[in-house]
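Below, each chain spelled out in residue letters.
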Amino acid sequence: QVQFVESGGGLVQPGGSLRLSCAASGSIVSIYAMGWYRQAPGKQRELVARVERGGYRNYADSVKGRFTISRDNAKNTVYLQMNSLKPEDSAVYYCNTDPIWVAGGFDFWGQGTQVTVSS
């Protein structure tokens, strides 16, 4: 059974940093491209960072230069280092494969981790 367990979120002041972690089940991290997604209230979920099996990374323009995605295949874990955080980065953050993992005909998501950037 697939699992994505996100952690590391919290409340941080503008300009601060957080490091998110996502522990995935099995060997998903080493097999698939992985991404970090976020969803703010009233907005659609968006892909903010992505890392391919070969290590190539790309980012949404809104986070480029501030966020860094990485993966540890041995630990089946994906990370998102977030620096210079802004209030508009506040959202629930999720990790998933890219394309999104489908189970039983539905997109499968973990519980996510809340990031709040506020003074």
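Residues numbered from 1 in each chain as written. Predicted model: local features only at pLDDT ≥ 70, side-chain atom pairs only at ≥ 80, totals over all residues. Heavy atoms only, no water.

Student: Please set out the packing of aromatic side chains residue by residue, giving values where relevant.
Tutor: Two numbers describe a pair of aromatic rings. These are the distance of the centres and the angle of the planes. For the coordinates displayed, the defined rule picks out four aromatic pairs. Note on Tyr37 and Trp109: the rings are 5.1 Å apart at their centroids and 85° apart in plane angle, and the pair reads as edge-to-face. One end of the pair, Tyr37, is in strand E4 (residues 34-39); the other, Trp109, is in the loop between strand E11 (106-107) and strand E12 (113-117), and 72 residues separate them in sequence. Both residues of the pair, Tyr37 and Trp109, belong to the buried class. Measuring from ring centre to ring centre gives 5.5 Å for Tyr94 and Trp109, while their planes differ by 70°; the resulting arrangement is edge-to-face. Of this pair, Tyr94 sits in strand E9 (residues 91-97) while Trp109 sits in the loop between E11 and E12; the two residues are 15 residues apart in sequence, bridging distant segments of the chain. Overall, the relative accessible area of 12% leaves Tyr94 in the buried class. Cluster of aromatic residues (ring-pair linked, three or more members): Tyr37, Tyr94 and Trp109. One residue, Arg19, lies across the ring of Tyr79, its end atom 4.0 Å from the ring centre. Sitting over the face of the ring of Tyr94, Arg45 holds its NZ or CZ atom 4.4 Å from the ring centroid. (Phe/Tyr/Trp six-rings, centres within 6.5 Å; stacked < 30°, edge-to-face > 60°. Helix = DSSP H or I, 4+ residues; strand = E, 2+ residues; numbered from the N terminus. Buried < 20%, exposed > 50% of the residue type's maximum accessible area, 1.4 Å probe, protein only. Lys NZ or Arg CZ within 6 Å of the ring centre and 35° of its normal.)

Student: Outline the state of the cysteines, supporting the account with residue identities and numerical values.
Tutor: A covalent bond bridging the sulfur atoms of two cysteines is what the word disulfide describes. According to the stated counting rule, one finds one disulfide in the structure shown. Here Cys22 is linked by a disulfide to Cys95, with a sulfur-sulfur distance of 1.7 Å. One end of the pair, Cys22, is in strand E3 (residues 18-24); the other, Cys95, is in strand E9, and 73 residues separate them in sequence. (Disulfide = S-S within 2.5 Å.)

Student: Give a description of the environment of Lys75 that names residues and reports values.
Tutor: Inspection of the secondary structure puts Lys75 in the loop between strand E7 (67-72) and strand E8 (77-82). Residues Lys75 and Gly26 lie 49 residues apart in sequence; the distance between their C-alpha atoms is 9.8 Å.

Student: Can you break down the side chain of Arg66 residue by residue, with the values?
Tutor: Checked against the element boundaries, Arg66 lands in the loop between strand E6 (57-59) and E7. On the accessibility criterion, Arg66 (9% relative accessible area) is buried. For Arg66, the contacting residues outside a window of four places in its chain are Gln81, Met82, Asn83, Ser84, Leu85, Lys86 and Asp89. (Contact = heavy atoms within 4.5 Å.)

Student: Before we move on, could you go through the sheet that holds strand E2 (residues 10-12) and cite the residues and values that matter?
Tutor: Taken in spatial order, the six strands line up as E2-E12-E9-E4-E5-E6 in an open sheet, and their pairing is mixed. Each having just a single partner strand, E2 and E6 make up the two edges of the open sheet. On average, adjacent strands in this sheet sit at an angle of 25° to one another, irrespective of strand direction. (Pairing = 2+ DSSP bridges. Axes fitted to C-alpha atoms, helices over the stretch in contact; angles between N-to-C directions.)

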